[in-house]
Amino acid sequence: ASKMGIHDLNLLFLFSEEWMKDGTGECNRIQKLYLDGHLGPIDGVSNFKFFEKSSHSTFSDCCMLTPTWIARATGLTGPGDPHEHADLIRRNTQRFIEEVEQRR
């Protein structure tokens, strides 16, 4: 059985601006790996992105189900549009999956 490491896998990391500012989830370290070309295989399609004006909860469906004015007033969502962020997450994920599948 062969062993695979994290550098053998195509990886997609999507972060909120909130986490980037706080340094939560080691996002700054992961971003550095990405910028230095050390995230995933050398010839792979690994990617790293963060979405401006987004909070961590933007990545769950609660921001899609809660009226934006309530979500913003309670701090559930950041100053950006949670519906736009959901679409960005969907598009980036879909593009990543398509790129991985094309390389098979």
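This text goes with the structure placed above it.
Residues numbered from 1 in each chain as written. Predicted model: local features only at pLDDT ≥ 70, side-chain atom pairs only at ≥ 80, totals over all residues. Heavy atoms only, no water.

1. Concerning the side chain of Ser 55
Stage number 1. With respect to the helices and strands, Ser 55 occurs in the loop between β2 (47–51) and α3 (62–65).
Stage number 2. Residue Ser 55 is classed as buried on the basis of its relative accessible area, which comes to 7%.
Stage number 3. A polar contact is formed between the side chain of Ser 55 and the backbone oxygen of Leu 76, at a distance of 3.2 Å.
Stage number 4. A polar atom in the side chain of Ser 55 sits 3.3 Å from the backbone nitrogen of Gly 78.
Stage number 5. In contact with Ser 55, other than residues within four places in its own chain, are Ser 16, Glu 18, Leu 76, Thr 77 and Gly 78. (Helix = DSSP H or I, 4+ residues; strand = E, 2+ residues; numbered from the N terminus. Buried < 20%, exposed > 50% of the residue type's maximum accessible area, 1.4 Å probe, protein only. Polar contact = N/O pair within 3.5 Å; in protein donor to acceptor, adjacent residues only side chain to side chain. Contact = heavy atoms within 4.5 Å.)

2. Thoughts on the pattern of salt bridges
Stage number 1. Within the structure shown, the criterion is met by four salt bridges.
Stage number 2. In this structure, Asp 87 and Arg 91 form a salt bridge, with 2.9 Å as the shortest nitrogen-oxygen distance. Of this pair, Asp 87 and Arg 91 both sit in helix α5 (residues 82–102), four residues apart, which is roughly one turn of the helix.
Stage number 3. When its relative accessible area of 35% is taken as the criterion, Arg 91 is described as partly exposed.
Stage number 4. Through salt bridges with shared partners, one network takes in Asp 87, Arg 90 and Arg 91. (Salt bridge = Lys/Arg side-chain N within 4 Å of Asp/Glu carboxyl O.)

3. Quick notes on the environment of Trp 69
Stage number 1. Considering the arrangement of structural elements, one finds Trp 69 in helix α4 (residues 68–73).
Stage number 2. Put simply, Trp 69 and Val 100 are 31 residues apart on the chain and 38 Å apart in space, counted from C-alpha to C-alpha.

4. Section: the packing of aromatic side chains
Stage number 1. By the definition in use, this model includes five aromatic pairs.
Stage number 2. A centroid spacing of 6.3 Å and a plane angle of 5 degrees characterise the contact between Phe 13 and Phe 15, whose relative ring orientation is stacked.
Stage number 3. You can call Phe 15 buried: its relative accessible area is 8%.
Stage number 4. Considering the side-chain rings of Phe 15 and Trp 19, the 6.1 Å spacing of their centres and the 35 degrees angle between planes classify their relative orientation as tilted.
Stage number 5. Through a chain of ring-to-ring contacts, three or more aromatic side chains come together here, namely Phe 13, Phe 15, Trp 19, Tyr 34 and Phe 48. (Phe/Tyr/Trp six-rings, centres within 6.5 Å; stacked < 30°, edge-to-face > 60°.)

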